[in-house]
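# A look at the structure
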Amino acid sequence: METTLLAPEKDPMGAAIADYFNLHKAEKLRVFSSQFDEDEIPVKDLFRTSKLMPLLERTALKLATGRILDVGAGSGCHALALQEQGKEVCAIDISPLAVEVMQKRGVNNARLVNLFDEQFVDTFDTILMLMNGSGIIGRLEHMPVFFQKMKQLLSPGGCILMDSSDLRYLFEDEDGSFLINLAADYYGEIDFQMQYKAIKGDSFDWLYIDFQTLSLYAAECGFKAELIKEGKHYDYLAKLTVE
Ligand code: SAH
């Protein structure tokens, strides 16, 4: 499990966020994966306002109460929306460039911290993990470490609100049957690498998880998973609480 921060010369998304904030435009944020064709993240989407957020995200913002932790907060779009509703939020990210932009945009408590850093000790009533927030867990084998960390950070009665997608549709055949190789790694374990201008980041693991698999791991780690809402395309919002 990585517990470090990003160096600015290895932080393409942070550089894209900084450009968009400073120049009101950005170039292509390119995404590579050994499993998929090259793709692109529209940088302006990272600055989405509540109105432009998908229903799953708006639902999560509505449900978030008490002291809120926004994990991997990026440009601070969710943190700012929560602050506007008068809610108290701490936004963390491993990108120094993103954290600087959050502070300049008015996020009151934006911190340069890796979620998995042992030194990161605090208590929250709601932990938000949005925009395929399960991704930060990286791989299924990290689930016990992840839930252990969540137990340390959650106040009694607190919850995690996380969105993810079931990537099974990528393996669905035209006749509706599935071609998932059960002997292979879990199909939601993806490797990504990003590039912005000449800045290329290191490759990293990103976990997409279906609700059933999430529930199984949660139960093994002493948590209960509840399906709050399903999106339009195999995506969903889950609430996780200590059992
Ligand atoms: N939540 C934002 C950004 C999503 S991109 C949004 O919805 O727009 C994921 C973010 O998570 C990136 O900014 C990345 O730097 C950050 N991140 C990745 N691993 C992290 C970790 N271990 N701890 C904290 N932040 C992390």
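Values in this document were obtained by computation on a predicted structure and should not be read as measured data. (Residues numbered from 1 in each chain as written. Predicted model: local features only at pLDDT ≥ 70, side-chain atom pairs only at ≥ 80, totals over all residues. Heavy atoms only, no water.)

## Considering the pattern of salt bridges
- Per the counting criterion, the structure on display carries 14 salt bridges.
- We note a salt bridge from Glu57 to Arg48, for which the minimum N-O separation is 3.0 Å.
- Look at Glu57 and you get buried, because its relative accessible area is 4%.
- In this structure, the salt-bridge partner of Arg139 is Glu189, at a minimum N-O distance of 3.3 Å. Here Arg139 is found in the loop between β6 (124-129) and α5 (143-153), whereas its partner Glu189 is found in strand β8 (residues 189-196), with 50 residues between them in sequence.
- Since its relative accessible area comes to 22%, Arg139 is described here as partly exposed. (Salt bridge = Lys/Arg side-chain N within 4 Å of Asp/Glu carboxyl O. Buried < 20%, exposed > 50% of the residue type's maximum accessible area, 1.4 Å probe, protein only. Helix = DSSP H or I, 4+ residues; strand = E, 2+ residues; numbered from the N terminus.)

## Observations regarding the site of the ligand
- The full set close to the ligand counts 18 residues, and Arg48, Gly72, Asp93, Asn114 and Leu115 are the nearest of them.
- Between a nitrogen atom of the ligand and a main-chain N or O atom of Leu115, the distance comes to 3.0 Å.
- Relative to its free-state accessible area of 580 Å², the ligand is covered by the protein chains to the extent of 90%. (Near = heavy atom within 4 Å. Polar contact = N/O pair within 3.5 Å; in protein donor to acceptor, adjacent residues only side chain to side chain. Areas by Shrake-Rupley, 256 points an atom, 1.4 Å probe, with all protein chains shown as cover.)

## A closer look at the environment of His142
- Within the secondary structure layout, His142 lies in the loop between β6 and α5.
- Take His142: its relative accessible area is 13%, and that puts it in the buried class.
- Taking the C-alpha atoms as reference, His142 lies 18 Å from Ile127; in sequence the two are 15 residues apart.
- Those residues in contact with His142 that lie beyond four places of it in its chain are Met1 and Ile137.
- A polar side-chain atom of His142 sits 2.8 Å from the main-chain carbonyl oxygen of Ile137. (Contact = heavy atoms within 4.5 Å.)

## Let's talk about the sheet that holds β6
- The strand order across the open sheet formed by seven strands is β5-β4-β3-β6-β7-β12-β11, and the pairing between neighbours is mixed. Every interior strand has two partners, whereas the edge strands, β5 (110-112) and β11 (223-230), have only one. Strand after strand, the sheet turns through a mean of 20° between neighbouring axes, direction not considered.
- Where β6 lies against strand β7 (residues 154-165), five bridges are found, and the strand directions are parallel. Within the sheet, the bridge partner assigned to Leu128 lies in β7 and is Leu161.
- The sheet strands contacting helix α2 (residues 55-63) are β6, β7, β11 and β12 (235-242), and the helix crosses β11 at an angle near 125°.
- Against the sheet, helix α4 (residues 96-105) makes contact with β4 (88-93) and β5, and its axis sits at roughly 165° relative to β5, the strand it touches most. (Pairing = 2+ DSSP bridges. Axes fitted to C-alpha atoms, helices over the stretch in contact; angles between N-to-C directions.)

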